[in-house]
Amino acid sequence: DAGVTQSPTHLIKTRGQHVTLRCSPISGHKSVSWYQQVLGQGPQFIFQYYEKEERGRGNFPDRFSARQFPNYSSELNVNALLLGDSALYLCASSLGPGQGTYEQYFGPGTRLTVT
Amino acid sequence: SQKIEQNSEALNIQEGKTATLTCNYTNYSPAYLQWYRQDPGRGPVFLLLIRENEKEKRKERLKVTFDTTLKQSLFHITASQPADSATYLCALVVSSNTGKLIFGQGTTLQVKP
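Attention in this report is confined to the structure presented alongside it.

Definitions and cut-offs
- Residues numbered from 1 in each chain as written.
- Chains lettered and ligands numbered in written order.
- Predicted model: local features only at pLDDT ≥ 70, side-chain atom pairs only at ≥ 80, totals over all residues.
- Heavy atoms only, no water.
- Helix = DSSP H or I, 4+ residues; strand = E, 2+ residues; numbered from the N terminus.
- Rg over C-alpha atoms; globule rule 2.2 N^0.38 Å.
- Buried < 20%, exposed > 50% of the residue type's maximum accessible area, 1.4 Å probe, protein only.
- Contact = heavy atoms within 4.5 Å.
- Areas by Shrake-Rupley, 256 points an atom, 1.4 Å probe, with all protein chains shown as cover.
- Phe/Tyr/Trp six-rings, centres within 6.5 Å; stacked < 30°, edge-to-face > 60°.
- Core = buried A, V, L, I, M, F, W, Y, C linked by side-chain atoms within 4.5 Å.
- Pairing = 2+ DSSP bridges.
- Axes fitted to C-alpha atoms, helices over the stretch in contact; angles between N-to-C directions.
- Buried area = accessible area lost by both parts, 1.4 Å probe.
- Salt bridge = Lys/Arg side-chain N within 4 Å of Asp/Glu carboxyl O.
- Polar contact = N/O pair within 3.5 Å; in protein donor to acceptor, adjacent residues only side chain to side chain.
- 1 Å grid on protein atoms, 1.4 Å probe; cavity = no way out; pocket = protein on both sides within 12 Å on 5 of 7 lines; lining within 4 Å.
- Points joined across faces, edges and corners; volume = space filled by probe spheres on them.
- Nonpolar A, V, L, I, M, F, W, Y, C, P; charged D, E, K, R; others polar.

## Examining the overall build of chain B
Counting its secondary structure elements, chain B contains zero helices and 11 strands. For a compact globule of 113 residues, the expected C-alpha radius of gyration is about 13 Å, and chain B comes in at 14 Å, within 12% of that figure. A burial count over chain B gives 47% of its 113 residues as buried. A sequence separation of at least 24 residues applies to 53% of the contacts in chain B between residues at least 6 apart. Just so you have it, chain B exposes about 5,700 Å², and 44% of that area is on carbon and sulfur atoms.

## Some words on the packing of aromatic side chains
Residue and element names in this part refer to chain B. With the rule as written, the count across this model stands at 13 aromatic pairs over all chains. Ring geometry for Y25 against F66: centres 6.3 Å apart, planes inclined by 55°, an arrangement best described as tilted. In this pair, Y25 sits in strand β3 (residues 19-26) while F66 sits in strand β7 (residues 62-67), placing the two residues 41 residues apart along the sequence. Taking relative accessible area as the criterion, F66 reaches 3% and is therefore assigned buried.

## Comments concerning the nonpolar core
If you look at the biggest cluster of nonpolar residues, it comprises 24 residues, and the most contacted ones within it are B:I4, B:W35, B:F75 and B:Y88. Counting residues per element, the ones that place at least two in this core are β3, β4 (32-38), β5 (45-51), β7, β8 (72-77), β9 (86-93) and β11 (107-112) of chain B. Once residues lying within four places of it in the same chain are set aside, the contact partners of B:I4 are B:C23, B:N24, B:Y25, B:Y28, B:C90, B:L92, B:I102, B:F103, B:G104 and B:Q105. Counting residues in each nonpolar core, the second largest holds 22 residues, with A:C23, A:I26, A:F64 and A:L76 among its members.

## Things to note about the sheet that holds strand β7 (residues 64-68) of chain A
Residue and element names in this part refer to chain A. Pairing in this open sheet of four strands is antiparallel, and the strands run β1-β3-β8-β7 from one edge to the other. Each edge of the open sheet carries a strand with a single partner, namely β1 (5-7) and β7. When strand polarity is set aside, the average angle formed by the axes of neighbouring strands in this sheet is 15°. As paired strands, β7 and strand β8 (residues 74-78) are joined by five bridges and run antiparallel to one another. For A66, the partnering residue across the bridge sits in β8 and is L76.

## What to know about the interface of chain A and chain B
Taken together, the 21 residues of chain A in the interface contact 22 residues of chain B. Here chain A packs against chain B, burying approximately 1,700 Å² in sum over the two surfaces, 55% of which is carbon and sulfur. Viewed at the interface, chain B and chain A are joined by zero salt bridges. The interface formed by chain A and chain B holds four residue pairs in polar contact (both at pLDDT 80 or more) in total. Those elements that provide at least two residues to the side of chain A that touches chain B are β4 (31-37), β5 (44-50), β6 (53-57) and β9 (87-94) of chain A.

## With respect to the environment of B:K17
Residues and elements named next belong to chain B. Locating K17 in the fold gives a position in the loop between β2 (11-14) and β3. Spatially, the C-alpha atoms of K17 and A86 are 16 Å apart, while their sequence positions differ by 69 residues. The contacts of K17, once residues within four sequence positions are left out, are I77, T78, A79 and S80.

## With respect to the layout of surface pockets
Within this model, the largest pocket holds a volume of roughly 420 Å³. Around the largest pocket sit 21 residues that line it, and A:P43, A:Q44, A:F45, B:I102 and B:F103 are the ones nearest its centre. Contributions of two or more residues to the lining of the largest pocket are made by β4 and β5 of chain A together with β1 (3-6) and β10 (101-103) of chain B. Split by residue class, the lining of the largest pocket holds eight nonpolar, 10 polar and three charged. By volume, the second largest pocket is sized at about 320 Å³. In terms of lining, the second largest pocket is formed by 18 residues, of which the most central are A:Q37, A:L39, A:G40, A:Q41 and B:Q38. Of the residues contributing to the lining of the second largest pocket, the split by class is five nonpolar, 10 polar and three charged.

Have a look at this one:
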């Protein structure tokens, strides 16, 4: 079975630009979460989506938005990029809240560099 | 304020010894605590979950303890191997409704042959 997939693997953008990151969860998983990981730190929660609805939001500005599609894949959008947005963006899939387990399965991440 | 703290300094041990990593937290009441392994340039990989009413959990060479009074979890790797070298992250499930995870900063373990 395929694990969580993310695209692109690497991305270089200029300040002020917009970026879209994509994630496909494990088959059968209905929940997708997004995390930002800065070098030397643990992942920081950005969003969780379950059944196409936002279920949780971390402490990130409105420049960050996301959505989940009927096939449970997800996009993370970041507008007006800042140098500080440079990080590894991780997508994690899980069965969903209340499904008896809180294990999250992470993708390989998208390395975003803002210059 | 709410904090999760792991040893920021790398842990260096000799092959065959037991590695013990610490996770302390304040001002959280997590229902679950998880440990993940992360290799450079890769996403975290789930290792173990322990519930608030469990004192200890084992999986092969791994053992996790959870003391909700001390607000601390210990993660042990027995008979460590060089392949165990990685960064280990603890994470709290702070919302059973969303499954939202709050991660510590991770501790890097280096096992020398």
